[in-house]
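Spelled out from the first residue to the last, the chains are:
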Amino acid sequence: MKKIMLSAVLKKLTAFVSAAAVTVGVLASSGVSDTMADTQSELEAEQARLAEERSEIEATLAEYTGQADETEQYLAEYDEKMRIQEEQIKNIDEQIKLYQAEIDELSVSIEEGQAEIDEGIEQFRLRLRAMYIAGNDSYASVLAGATDFYDILARMELIERVSRHDNDMIEDLKSQIAALDADKAEYEEKVASLESKKAQEEKLYEELRETYNNHAETKAMQEARIADYSQRYDEIVADQAEVEKAIQEEIRRKQEEAERRRKEEEERKRKEEEERKKQAEANGETYVEQDVSTFTSYSETGFIWPVPTVRNMSDGYGNRYIVEEGRNDFHGGIDITKPGCYGEPIVASAAGEVITAGDTGNGFGYHVVIDHGNSIATLYAHCSSLAVKVGDIVKQGQVVGYIGSTGYAYGNHCHFEVRVNGQRTDPLNYVNINN
């Protein structure tokens, strides 16, 4: 982006002012100097360029700010997604812990059941071994103690019950262990499934984090660009203030020069008037004195409305929003317009001397600046054509141009300003739409 070298412009201004001082004798007889006009034209053109660059930066800042806001929304969205994902992983971990606790309890129960089985089998094994060692004598000894046949049967059934009890106990324990093993396998399968799900959720979380980090990097880049453009914007605002100050100084200098020329001209006419009066008195004639003033700054009614046929205002003095450009702007004057107003005559709001006339490339298009004395000047901008030139002395109400839309304008209108000591002020403090 092009960077203004304000110091160069101010150096040119200094050079032009010096040149103007050297040639002041010539200026007195030839009207406003080309040097003065060129200086103001260059400054106004630079101001217009700055305004255009400022508008571009405002648009760019708005774009990057919008993008940054959108990225911020993405960050908030992905931050929430990551938070939900973290909760999901946390919940899976909790479920895994619960299942693992169940598995641990089942493992303990299985170990205890297996211990009971091992103990039962050991006891059964010991009884079998004892019976084997004793052989048939042991079994016979059990029966030998019987008192009768029924006692024999009872003892035989007792032996059978003991054997069946041992066997049933072992089988029952085996069934319990089998059930516990099945439960344990089921929980282990659930844990494996949750571990797999956790891995997937962690992968998704990492993808979310990567996307979040990418957006964060984008946001940082956008903020860096916003900072750069904001800095450039501040520089332009400062440059505009400096250029505007230089423009107002140049306008004041022009007004002072015009005032000096008028006083010199009035002094010359006054001396001529005195000489004519003396000559008339010497000849014994009656002499009627003439008004030697160059012009009267204001009429009895003060300043008049600059477009007599258009009594409508679209924009006033002060801050406004330009819809076409999508930005806020300070409006240094008032805009006078109505449908079909192209070519309507623009008149001098008060008598004065034309100190600027033409298109200086400052955005005003064809425009006229009239100095009214007392450090007051008026500006009439965006004309389709002009009816005066620099150095003309105009009367109040004299046509100075015609409504158009030259320069930076959205439609036909007359942009009217009042400047006091080079500073823009509200024109409605000077003109009345009904006057």
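Residues numbered from 1 in each chain as written. Predicted model: local features only at pLDDT ≥ 70, side-chain atom pairs only at ≥ 80, totals over all residues. Heavy atoms only, no water.

Q: Describe the pairing of strand β10 (residues 399-403), listing the residues and the values that go with them.
A: Two elements, strand β5 (residues 345-347) and β10, share three bridges in a ladder whose sense is antiparallel. Of the residues in β10, the one forming a bridge with Val-347 is Val-399. As judged from the three bridges shared by strand β8 (residues 376-386) and β10, these two strands associate in the antiparallel manner. Counted as the bridge partner of Ser-385 is Tyr-402 from β10. (Pairing = 2+ DSSP bridges. Helix = DSSP H or I, 4+ residues; strand = E, 2+ residues; numbered from the N terminus.)

Q: Tell me what's going on with the side chain of Thr-71, and back it up with residues and numbers.
A: Looking at the secondary structure, you find Thr-71 in helix α3 (residues 34-134). Residue class for Thr-71 comes out buried when judged on its relative accessible area of 6%. Those residues in contact with Thr-71 that lie beyond four places of it in its chain are His-215, Thr-218, Lys-219 and Gln-222. (Buried < 20%, exposed > 50% of the residue type's maximum accessible area, 1.4 Å probe, protein only. Contact = heavy atoms within 4.5 Å.)

Q: So what's going on with the packing of aromatic side chains? Which residues, and what values?
A: A ring pair, where both rings are aromatic, is described by two values, the distance of the centres and the angle of the planes. Counted according to the given criterion, the structure contains five aromatic pairs. When the ring of Tyr-317 is compared with that of Phe-330, the centres are 5.3 Å apart and the planes differ by 80°; the resulting orientation is edge-to-face. Here the residue Tyr-317 occupies a position in the loop between β1 (313-315) and β2 (318-322), and Phe-330 occupies one in strand β3 (residues 327-331), the gap between them amounting to 13 residues. Relative accessible area serves as the criterion here: at 30%, Tyr-317 is assigned to the partly exposed category. Directly above the ring of Tyr-78 sits Lys-81, whose terminal nitrogen or CZ lies 4.8 Å from the centroid. (Phe/Tyr/Trp six-rings, centres within 6.5 Å; stacked < 30°, edge-to-face > 60°. Lys NZ or Arg CZ within 6 Å of the ring centre and 35° of its normal.)

Q: Kindly report on the pattern of salt bridges, identifying the contributing residues and their values.
A: Side-chain pairing between opposite charges can occur once the charged atoms of the two side chains come close. In the structure shown here, the tally under the stated rule is 28 salt bridges. The partner of Glu-46 in a salt bridge is Arg-49, with the nearest N and O atoms 3.1 Å apart. Residue Glu-46 and its partner Arg-49 are located together in helix α3, separated by three residues, close to a single helical turn. Residue class for Arg-49 comes out buried when judged on its relative accessible area of 17%. The shortest N-O distance in the salt bridge between Arg-49 and Glu-53 comes to 3.1 Å. With a gap of four residues between them, Arg-49 and Glu-53 both fall in helix α3, about one helical turn apart. (Salt bridge = Lys/Arg side-chain N within 4 Å of Asp/Glu carboxyl O.)

Q: Talk me through the pairing of strand β6 (residues 352-359); I want residue IDs and the actual numbers.
A: Counting buried residues in β6 gives six out of eight residues, a clear majority hidden from the surface. Strand direction decides the pairing type here: β6 and strand β7 (residues 366-371), joined by six bridges, are antiparallel. Bridge pairing links Glu-353 to Asp-371 in β7. What sits between β6 and β7 in their antiparallel hairpin is a turn of six residues, with Gly-361 showing a positive phi close to 75°.

Q: Please give an account of unusual backbone geometry that cites residues and values.
A: Positive phi is not limited to glycine here, since Ser-375 has a value of about 65°. Positive phi is not limited to glycine here, since Asn-421 has a value of about 55°. Inspection of the secondary structure puts Asn-421 in the loop between β11 (414-420) and β12 (423-425).

Q: Any details on the confidence of the model for the chain? Residues and values, ideally.
A: Across the chain, pLDDT averages 80, with 78% of residues at or above 70. Here residues 1-36 is a poorly scored stretch, pLDDT under 50, and it has 53 contacts once near neighbours within four places are set aside; other chains count. (pLDDT = per-residue confidence, 0-100.)

Q: I'd love a proper account of the state of the cysteines, names of residues and values included.
A: Across all of its chains, the model carries zero disulfides by this definition. Lacking any disulfide linkage, Cys-341 is separated from the closest cysteine sulfur, that of Cys-414, by 9.3 Å. Relative accessible area serves as the criterion here: at 1%, Cys-341 is assigned to the buried category. Residue Cys-383 stays outside any disulfide, its sulfur separated by 6.0 Å from that of Cys-414, the closest cysteine. Assessed through its relative accessible area of 0%, Cys-383 is described here as buried. (Disulfide = S-S within 2.5 Å.)

Q: So what about the environment of Leu-428? Which residues, and what values?
A: Here Leu-428 is to be found in the segment after β12. Discounting chain neighbours no more than four positions away, the residues touching Leu-428 are Trp-305, Met-313 and Ile-334.

Q: Break down the environment of Glu-72 for me, citing the residues and quoting the values.
A: Mapped onto the elements, Glu-72 comes out in helix α3. Taking the C-alpha atoms as reference points, Glu-72 and Thr-218, separated by 146 residues in sequence, lie 9.8 Å from one another. A polar contact of 2.5 Å, which involves the side chain of Glu-72, links it to the side chain of Lys-219. (Polar contact = N/O pair within 3.5 Å; in protein donor to acceptor, adjacent residues only side chain to side chain.)

Q: Quick rundown of the environment of Tyr-402? Include the residues and the values.
A: Mapping Tyr-402 onto the fold places it in strand β10. By relative accessible area, which is 29% here, Tyr-402 ends up partly exposed. Between the alpha carbons of Tyr-402 and Gly-343 there is a distance of 4.9 Å; along the sequence they are 59 residues apart. In this structure, Tyr-402 is in contact with Gly-343, Glu-344, Pro-345, Ile-346, Cys-383, Ser-384, Ser-385 and Ala-387, ignoring residues within four places of it in sequence.

Q: Describe in detail the side chain of Lys-219, supporting the description with residues and values.
A: With respect to the element layout, Lys-219 can be found in helix α5 (residues 149-282). Judged by its relative accessible area of 13%, Lys-219 falls in the buried class. With residues near it in sequence (within four places) discarded, Lys-219 still touches Ala-68, Thr-71, Glu-72 and Leu-75.

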